[in-house]
Structure formats: C-alpha cells, structure tokens
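Per-entry structural report
As a plain string of letters, each chain reads:
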Amino acid sequence: MKSPYDIVKRPIITEKSMELIEENKYTFEVDKNANKAEIKHAIETIFEGVKVKKVRTLNFTGKKVRTRYGYGKKADWKKAYVTLTEDSEAIEYFDGM
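The sections below set out a description of the structure shown in this document. (Residues numbered from 1 in each chain as written. Predicted model: local features only at pLDDT ≥ 70, side-chain atom pairs only at ≥ 80, totals over all residues. Heavy atoms only, no water.)

1. Structural notes on the packing of aromatic side chains
The line we're drawing: Centres within 6.5 Å make a pair out of two Phe, Tyr or Trp rings, where for Trp the six-membered ring is used; the pair is then stacked when the planes are under 30 degrees apart, edge-to-face when over 60, and tilted otherwise. By the criteria applied, helices consist of DSSP H or I runs no shorter than four residues and strands consist of E runs no shorter than two, each listed in order from the N terminus. Only protein chains enter the calculation, and the probe is 1.4 Å; a residue is then buried if its accessible area is under 20% of its type maximum, exposed if over 50%, and partly exposed in between.
With the rule as written, the count across this model stands at 2 aromatic pairs. Relative to Phe 47, the ring of Phe 28 lies with its centre 6.1 Å away and its plane at 35°, an arrangement referred to as tilted. Placement of the pair is Phe 28 in strand E2 (residues 25-30) and Phe 47 in the loop between helix H3 (36-46) and strand E3 (52-60), with a sequence separation of 19 residues. Comparing Phe 28 with Phe 47 shows no difference in burial state: the two are buried. Ring centres of Phe 60 and Trp 77 lie 4.5 Å apart, and the angle between their planes is 15°; this geometry places the pair in the stacked category. With Phe 60 in strand E3 and Trp 77 in strand E6 (residues 77-84), this residue pair connects regions lying 17 residues apart in the sequence. Judged by its relative accessible area of 27%, Trp 77 falls in the partly exposed class.

Spelled out as structure tokens, the structure:
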C-alpha cells in the first residue's frame, strides 16, 4: 500500500481554493491512480484531528507543448476537492495564507 505522502502530492493554492477554505473545502494535487477512499485516509492520516466528509476528484490531461526538438506533452494529473465535517479542525497549513 502507498504511503499517505505518496498519495497527496501538494496543496493547490489559488484564488478559488482560498475562497473555498471558508466553506471547509481544501484542494490538493493527488496521485493519478488514487481513489477517493485512499485520498480520504491519506488526508486524515497526514493532518491530525481532521475528519473528511466528502472527496471530489477531477482528472486533467497534460497540455501539448512545442519544444526545441518537436512536440511533447505535459504529464496528466489529478485534483481532489476535500470537504471537511463541521466539527473537524481546520488544516493548519492553510491558516497563514
């Protein structure tokens, strides 16, 4: 089984994601092959005192790019919107933003 740190790659910090924090929704880039149950377990393991209510995922295909030697493609990736329960603690990483 994968480590929780292999499943959750990084938080996504944009204007939209900062507005969603007020609604207890956090945004992460996750492993492309991870399912919703694995993402939920990884978030609850990494951040102490956090209870996940719902996970929504989106798959993104990599863009085509032109390079010096021809054409290439950026990597595909997956985004997860994690909704926390109302009695859950906030994720401390986002508090200073």
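Having put the structure on the table, let's press on.
2. Notes on the side chain of Glu 29
For the record, the criterion: Here a polar contact is taken to be a pair of N or O atoms separated by no more than 3.5 Å, where protein atoms must pair a possible hydrogen donor with a possible acceptor and residues adjacent in sequence count only if both atoms sit in side chains. By definition in these notes, contact holds between two residues if any of their heavy atoms fall within 4.5 Å.
Locating Glu 29 in the fold gives a position in strand E2. Among the polar contacts made by the side chain of Glu 29, one reaches the side chain of Arg 10 at a distance of 2.7 Å. If we ignore the near neighbours within four places in the chain, the residues touching Glu 29 are Ile 7, Val 8, Lys 9, Arg 10, Ile 12, Trp 77 and Lys 78.

3. Considerations on the nonpolar core
Which entries qualify depends on this criterion: For our purposes a nonpolar core is just a set of buried Ala, Val, Leu, Ile, Met, Phe, Trp, Tyr and Cys residues, chained together by side-chain atoms within 4.5 Å.
Counting 20 residues, the largest nonpolar core has Phe 28, Ile 39, Ile 43 and Ile 91 as its most contacted members. Elements that contribute at least two residues to this core include exactly E2, H3, E3 and E6. Among the elements that make up this core, the one with the highest residue count is H3 (4 residues).

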